[in-house]
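Here are the chains, one letter per residue:
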Amino acid sequence: MAALSSNGFSHAAPGPRARTVRFAEVISALTYALDLTEGQRPGHTLRTALIAMRLGEEIGLDAETLGALYYAALLKDAGCSSNAARMAALFGSDDQHVKRDMRLVDWHDRWNLARRTARNCGIGRNPLARIKHFLRVAHTPQMTRDIIAARCERGAQIAVALGFPSASSEAIAHVDEHWCGLGHPVGLAGDEIPLLSRVLLLAQTLEVYWTEHGLKAMLQMLRARSGTWFDPTLVQRVLSWRHDAAWWSTLADSDRLDQAVVALEPGGTPMQATDERLDAIAYAFAAVIDAKTPFTYRHSTNVAQYALGISRQLGASPSLQRDVLRAGLLHDIGKLGVSNRILDKPGRLTEVERAEIQKHPRWTWQILERVDAFAHFASSSSHHHERLDGNGYPWGLRDHQLDFTARVLAIADVYEALTADRPYRAGMPVEKVLGIMLPDRATAFDASMMDAAAQMARDGDFARIAENGTDPAGTLARLSEQRHESHLRAVA
Ligand SMILES: [Fe+2]
Ligand SMILES: [Fe+2]
């Protein structure tokens, strides 16, 4: 962790490029962003992975299947952002709160489900608004199925794009199927449900109950849902752990959680975090970020590509260009911690809501700081709303505190936001955008970078970049294809 200054932030110039690290370390560290989106306690995904791997080993899975389970456990919530906007709109409450609370209810108990739903509708609003949201939820056919389907499909797609085994994506796609056949999205029952999905469902539900209510309540929940939610054979296996105090205390040790999970990676040769894999994971998380709200569709990938284009124009070194690209892809990862109730609000934001949104660069910094391979640009990436004259946020830094990456991202971020189409307005034409940005040349924005950006904008370079498939889904599909092609080359 970098040294903190008085405002809680390190302004040191980016350090040297990180050592080569294991890919599992990178993914494990990034799972904290997924926990944030799901409203779960930090470490939820990693604890789920530890539980799933113990269960997988005890039921005798072979090394290859354990490998598939391991990556499925780490990426099980990779699709979590794709239903956040819908959850917030339907419930009229913070999506993270609703997601966390609804994970604790037994959906098959209709009375409790209705009570819990009512409790989560229109939180903090007047009774009439709460009733309206409750009725909207109650009268939305297939709501649970659709919300789960969006999350599972997206998560499975990301696992494929990252080159993980098809058993991993299949496990994610069916993680919410229930043993009794009343789960989603397909309604598979019993042995029809992939075994890894059964393990994952049990592991993640156990984790949520255990952290929220403790061991006794968790064991009660397992017994009550055995044969409805869960495969009874798996439940019996977990019940046998109840006196294993040492194991439960290992699970509770948040300081060693990352290490414990990385150490569990199956297979003789750990997967290294090569440059290609680091790019792939940065693109994958850009897709997770951009899926959070319909207002930011393509935003992260466009910002990254525009910033990369300006950097090339200014002769940045290949290594700096790579950092700019990754820092751009991940600059808004902190938005995963902001409620869609605020991010997607159509009207004017209150002071409190604005302050909430303005926290996202701090989250970006905190998330990227955890990732060894990305920590050296965590500060720069999180400075994308800072301005040379000190009028930016959240730290109000000044020119000498803002490095190349921070400066170029600040320009790319504003340019993208103004030119992109939004659900409520078309993107602004180039000259109008430049008319807004150029007066801030040298006060808010770096002068030479702003000149280069203006030239590129007038030459149509950014428009071409945006057209040439920076769509997150397209990017993921391309990554998947590239991997398939290189695999074919390797076996030819
Ligand atoms: Fe931002
Ligand atoms: Fe942004």
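Residues numbered from 1 in each chain as written. Chains lettered and ligands numbered in written order. Predicted model: local features only at pLDDT ≥ 70, side-chain atom pairs only at ≥ 80, totals over all residues.

> Would you mind showing me how to read the overall build of the protein chain here?
When helices and strands are tallied, the protein chain shows 26 helices and zero strands. Its C-alpha atoms give the protein chain a radius of gyration of 23 Å, within 12% of the compact-globule value 23 Å for 492 residues. Seen through its C-alpha atoms, the protein chain measures out along the principal axes to roughly 65 × 60 × 45 Å. Going through the 492 residues of the protein chain one by one, you find that 48% of them count as buried. A separation of at least 24 residues holds for 71% of the contacts in the protein chain among residues at least 6 apart in sequence. (Helix = DSSP H or I, 4+ residues; strand = E, 2+ residues; numbered from the N terminus. Rg over C-alpha atoms; globule rule 2.2 N^0.38 Å. Buried ≥ 20, exposed ≤ 12 C-beta atoms within 10 Å, placed from the backbone. Contact = placed C-beta atoms within 7 Å.)

> Sorry, what's going on with the domain arrangement of the protein chain here?
By convention, interface size is frequently given as the accessible area that disappears when the constituent parts associate. Looking at the assigned domains, one finds that the protein chain contains domain 1 (23-81 + 146-263) and domain 2 (275-478). A C-alpha centroid distance of 33 Å is found between domain 1 and domain 2. If you look at the interface, domain 1 gives 17 residues, while domain 2 gives 20 residues. Contributing elements (two or more residues each) for the side of domain 1 that touches domain 2: helix 1 (23-38) and helix 8 (143-161). The dominant element in the side of domain 1 that touches domain 2, judged by the number of residues it contributes, is helix 1, at 10 residues. (Domains from an automatic or database assignment.)

> Help me out: how do you make sense of the packing of helix 17 (residues 318-329) against helix 22 (residues 404-419) in this one?
Helix packing geometry: the angle between the two helix axes and the distance between the axes. Contact pair helix 17 / helix 22: the axes reach a minimum separation of 10 Å and the direction vectors enclose 50°. Regarding the angle of helix 17 to helix 22, the classification is oblique. Helix 17 and helix 22 meet at a crossing whose hand is right-handed. From helix 17, Leu320, Asp323, Val324, Ala327 and Gly328 reach across to helix 22, where they touch Phe404, Thr405, Val408, Leu409 and Ala412. Residue classes in the contact of helix 17 with helix 22 are distributed as seven nonpolar, two polar and one charged. (Axes fitted to C-alpha atoms, helices over the stretch in contact; angles between N-to-C directions. Parallel < 35°, antiparallel > 145°, perpendicular 65-115°, else oblique. Left-handed = near helix turned anticlockwise from the far one by under 90°. Nonpolar A, V, L, I, M, F, W, Y, C, P; charged D, E, K, R; others polar.)

> Sorry if this is basic, but what is going on with the environment of His376 here?
Examined against the element boundaries, His376 turns out to sit in the loop between helix 20 (360-369) and helix 21 (378-382). Considering only alpha carbons, one finds His376 and Asp323, 53 residues apart in sequence, at a separation of 8.8 Å.

> Got a minute to help me understand the confidence of the model for the protein chain in this structure?
Parts of the prediction with low pLDDT should not have their coordinates interpreted in detail. Confidence in the prediction of the protein chain, expressed as mean pLDDT, is 86, and 90% of residues score 70 or more. Ignoring residues within four places in sequence, the model shows residues 1-16, a span with pLDDT below 50, making 23 contacts including any to other chains. (pLDDT = per-residue confidence, 0-100.)

> So what exactly am I meant to see when it comes to the packing of helix 16 (residues 299-313) against helix 17 here?
Where helix 16 meets helix 17, the axes come as close as 7 Å, and the angle between the chain directions of the two elements is 160°. It follows that helix 16 is roughly antiparallel to helix 17 by the angle criterion. Read as a crossing pair, helix 16 and helix 17 show a hand that is right-handed. Facing Ser300, Thr301, Val303, Ala304, Ala307, Leu308, Ser311 and Arg312 of helix 16, the residues of helix 17 in contact are Leu320, Gln321, Val324, Leu325, Gly328 and Leu329. Counted by class, the contact of helix 16 with helix 17 contains eight nonpolar, five polar and one charged residues.

> What is the right way to read the nonpolar core from this model?
Generally speaking, soluble globular proteins have nonpolar side chains that are buried together. In this structure, Ala72, Ala159, Phe285 and Ile411 are the most contacted members of the largest nonpolar core, which totals 117 residues. Among the domains, domain 1 (23-81 + 146-263) and domain 2 (275-478) are the pair contributing at least three residues each to this core. (Core = buried A, V, L, I, M, F, W, Y, C linked by C-beta atoms within 7 Å.)

> Explain unusual backbone geometry to me, please; I cannot follow it from the model alone.
As a rule of thumb, non-glycine residues mostly have phi less than zero, and peptide bonds are mostly trans rather than cis. Cis geometry marks the peptide bond from His184 to Pro185; its omega dihedral reads 5°. Within the chain, Ala442 stands out as a residue other than glycine whose phi angle is a positive 75°. Summarising the element assignment, Ala442 is placed in the loop between helix 23 (430-437) and helix 24 (447-458).

> Honestly, helix 2 (residues 44-58) in this entry has me stumped. Any pointers?
Because the α-helix completes a turn every 3.6 residues, residues three or four places apart line up on one side. Under the 1.5 Å per step criterion, the end-to-end length of helix 2 is 21 Å for 15 residues, consistent within 8% with the ideal 21 Å. Most of helix 2 is tucked away: 12 of the 15 residues are buried. The set of residues buried in helix 2 consists of His44, Thr45, Leu46, Arg47, Thr48, Ala49, Leu50, Ile51, Ala52, Met53, Leu55 and Gly56. Looking at the packing, one finds that the buried side of helix 2 touches helix 1, helix 3 (63-75), helix 10 (195-213), helix 12 (232-239), helix 13 (245-252) and helix 14 (257-263). Positive backbone phi, at 80°, marks Gly60, one or two positions downstream of helix 2. (Expected span 1.5 Å × (residues − 1).)

> What's the story with the environment of Leu330 in this structure? I'm lost.
Turning to its location among the elements, Leu330 is positioned in the loop between helix 17 and helix 18 (340-343). By C-beta crowding, Leu330 is classed as buried, having 29 other C-beta atoms within 10 Å. Sequence-wise, Leu330 and Ala282 are 48 residues apart; in three dimensions their C-alpha atoms are separated by 6.5 Å. Beyond its immediate stretch of four places on either side in the chain, Leu330 contacts Ala282, Phe285, Ala286, Leu368, Phe374 and Ser381.

> What's the story with helix 22 in this structure? I'm lost.
Between the first and last C-alpha of helix 22 there are 23 Å, a value that for 16 residues agrees with the 22 Å anticipated at 1.5 Å per step. Along helix 22, 13 of the 16 residues are buried, which leaves the element largely enclosed by surrounding structure.

> Where do I start with the environment of Lys76 in this structure?
Note that Lys76 resides in the loop between helix 3 and helix 4 (84-91). With 95 residues separating them in the primary sequence, Lys76 and Ala171 have C-alpha atoms 8.2 Å apart. Among residues more than four places away in sequence, those in contact with Lys76 are Thr45, Thr48, Gly155, Ile172, Val175, Leu200 and Gln204.

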